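Close look at the chain arrangement
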Amino acid sequence: MTEECIFSLPYMRFLIDGPTTIHGSISVAGAKNAALPFLAASILLDAPLEVHRVPMIEDVHRMLEIAHRLGIAIDAVAPGVYRLTAAGCTTSELPADLTPKLRAAIIFTGPLLARWGSTVLPQPGGCTIGQRPIDLFLDGFRAFGVTVTEEAAGTRFTGKPRSARYVFPLVSVTGTETLLLLAVRTPGVSVLENAAMEPEVTALAQLLQSCGAHIEGIGTPTLVIRGVEHLSGGVVTCIPDRIETGAFAALVAACGGSLEIRDCDPTQIAVPLKLLEDMGATIATDATAGVIRISAQLPLRAISIRTHEYPGLPTDLQPPFTVALTQASGLALVHETIYEGRLFYVDKLNKMGANITLCDPHRCLVAGPRPLHGARLESPDIRAGIALLIAAACATGRSVIENVYQIDRGFERIEERLRDIGVRIQREEEGAHQPSAPIALPDSRSPQGVVGY
Ligand code: EPU
């Protein structure tokens, strides 16, 4: 086994020729933000955890690499199915070279502390969307009796956790997941108040419960956890990715056309769908079948939007929705309430012909409809990246999107799937002067340390 990561898409750039009218049917992948805490949860279990419908994306592969370095045995059972066995988990320290690449690596600290009574967190990954502080994690761990010290290697957490009541001063998704993972194996009754209610948190709590954890209040802001000494293994399936679902719906609202979105859960994006309906899109949902049918005749109507914790409009959908608003009639205020750095991509949309005024780091005004034209762009983060891709699909002419690693972090084989619904997109390798043929993924793709498929 080499130390080099053997999973790698040829990242490079996307070439997109617009404009596009969307048509056809697309399937939604498993949720990235459900898969990541599931993988971390395996550390707490006495027997293997088999995770199904894992999206084959870069962030998941980084998380698997970290799990491998912690001593967790990983078997790739089938495409998108991983079995994790933590019996050989030998170290409590997160790897200094990999952790900065992935903010979600911080989730491992909860189970590592529960298992070993100590862990070291090197500076976790951030991105361009804001500062991504970790003060809530430190505060929460201290409430559980853990000592926090800053060292050259990172933040060291030590001490046997004891049950606690912790009130989150603001809602944090991974903060809730991390303390939940700590509390399920901490003796006594712990209470997490103002906990995040995102479906990914609920899915994690349900997984833990299926392994023998005692958790009350799942899906509410108050989680009451009675710690147990042992948790069994289990089998879990990732919930559908609601952000991907919403991004596909926003693609239709930006480009026009109609789309059947399959293998999704419409109930988990009720607010985003309502907003698109208010803009004039026609939407039909079938929750039992997991299908959304959406059609849009441009221009739609502009409406103001505001991001909010679940069940509100997710911040992760703000960039795709902002692109859709550039094609809608009227003036819209976009209010990003969660991150202070998540609107800076709008200058890239203006470069394409949009008329967006940044009022302050949290608000911008979008005047539409404005025809967009192709441009050379750089993807700053996962969600702004997919937004630029949507903008390129509705723009006239060729766009080139660089740094597509950022898009590959969250969206599986996105160019292949978008091609099926009418987007003219290709992945071009470094050094190629002409658009290359569509690139087939190598069968051997697999993150470092993963055995099997
Ligand atoms: N915050 C603090 N201190 C902390 C932690 C968070 O001030 O210690 C602040 C953040 O700066 C932010 C707010 O609290 O302003 C909410 O952040 P949260 O902790 O909920 O974010 P997260 O848990 O780090 C998850 C998702 C993000 C998603 C946010 C909000 C995962 C792995 N990541 O991040 O997803 O934007 O919740 O819903 O679940 C993405 O998928 O592209 C992504 C960024």
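The text that follows walks through the structure, step by step, so that each part is easy to find. Just so it is clear, the structure is predicted and the values come from calculations on it, not from any experiment.

**A short note on the environment of Asn355**
The topology assignment puts Asn355 in strand S19 (residues 355–360). Spatially, the C-alpha atom of Asn355 lies 20 Å from that of Pro380, the residues being 25 residues apart in sequence. Residues within four places of Asn355 in sequence aside, it is in contact with Asn350, Leu365, Val366, Ala367 and Arg370.

**Notes on the packing of helix H3 (residues 109–116) against helix H5 (residues 173–183)**
For the pair H3 and H5, the least separation of the axes is 7 Å and the interaxial angle reads 15 degrees. Taken together, the axes of H3 and H5 lie roughly parallel to each other. Crossing hand, H3 versus H5: right-handed. Here Thr109, Gly110, Pro111, Leu113 and Ala114 of H3 come into contact with H5, specifically with Thr178, Leu181 and Leu182. Within the contact of H3 with H5, the residues separate by chemical class into five nonpolar, three polar and no charged.

**So, the site of the ligand**
Around the ligand sit 23 residues, and of these Ser172, Thr174, Asp316, Ile338 and Arg383 come closest. One of the backbone N or O atoms of Val173 is found 2.8 Å from an oxygen atom in the ligand. Note that an oxygen atom of the ligand is positioned 3.0 Å from one of the side-chain N or O atoms of Tyr339. In isolation the ligand exposes 830 Å². Once the protein is present, 88% of that is buried. Those elements that provide at least two residues to the shell around the ligand are helix H1 (32–41), helix H4 (135–143), H5 and helix H11 (382–394). A per-class count over the shell around the ligand returns 12 nonpolar, four polar and seven charged. Summarising the domain contributions, the shell around the ligand has at least three residues from each of domain 1 (11–29 + 240–430) and domain 2 (32–238).

**A look at the sheet that holds strand S7 (residues 147–151)**
Strand order in the open sheet made by the three strands is S6-S8-S7, with antiparallel pairing throughout. One side of each edge strand has no neighbouring strand; the edge strands of this open sheet are strand S6 (118–121) and S7. Adjacent strand axes in the sheet meet at a mean angle of 20 degrees, parallel and antiparallel pairs treated alike. Pairing geometry for S7 and strand S8 (residues 154–158), over five bridges, is antiparallel. Paired with Thr149 across the two strands is Arg156, which belongs to S8. Across the sheet, H3 is in contact with S6 and S8; its angle to S6 comes to roughly 150 degrees.

Scoring rules and cut-offs
- Residues numbered from 1 in each chain as written.
- Predicted model: local features only at pLDDT ≥ 70, side-chain atom pairs only at ≥ 80, totals over all residues.
- Heavy atoms only, no water.
- Helix = DSSP H or I, 4+ residues; strand = E, 2+ residues; numbered from the N terminus.
- Contact = heavy atoms within 4.5 Å.
- Axes fitted to C-alpha atoms, helices over the stretch in contact; angles between N-to-C directions.
- Parallel < 35°, antiparallel > 145°, perpendicular 65-115°, else oblique.
- Left-handed = near helix turned anticlockwise from the far one by under 90°.
- Nonpolar A, V, L, I, M, F, W, Y, C, P; charged D, E, K, R; others polar.
- Near = heavy atom within 4 Å.
- Polar contact = N/O pair within 3.5 Å; in protein donor to acceptor, adjacent residues only side chain to side chain.
- Areas by Shrake-Rupley, 256 points an atom, 1.4 Å probe, with all protein chains shown as cover.
- Domains from an automatic or database assignment.
- Pairing = 2+ DSSP bridges.

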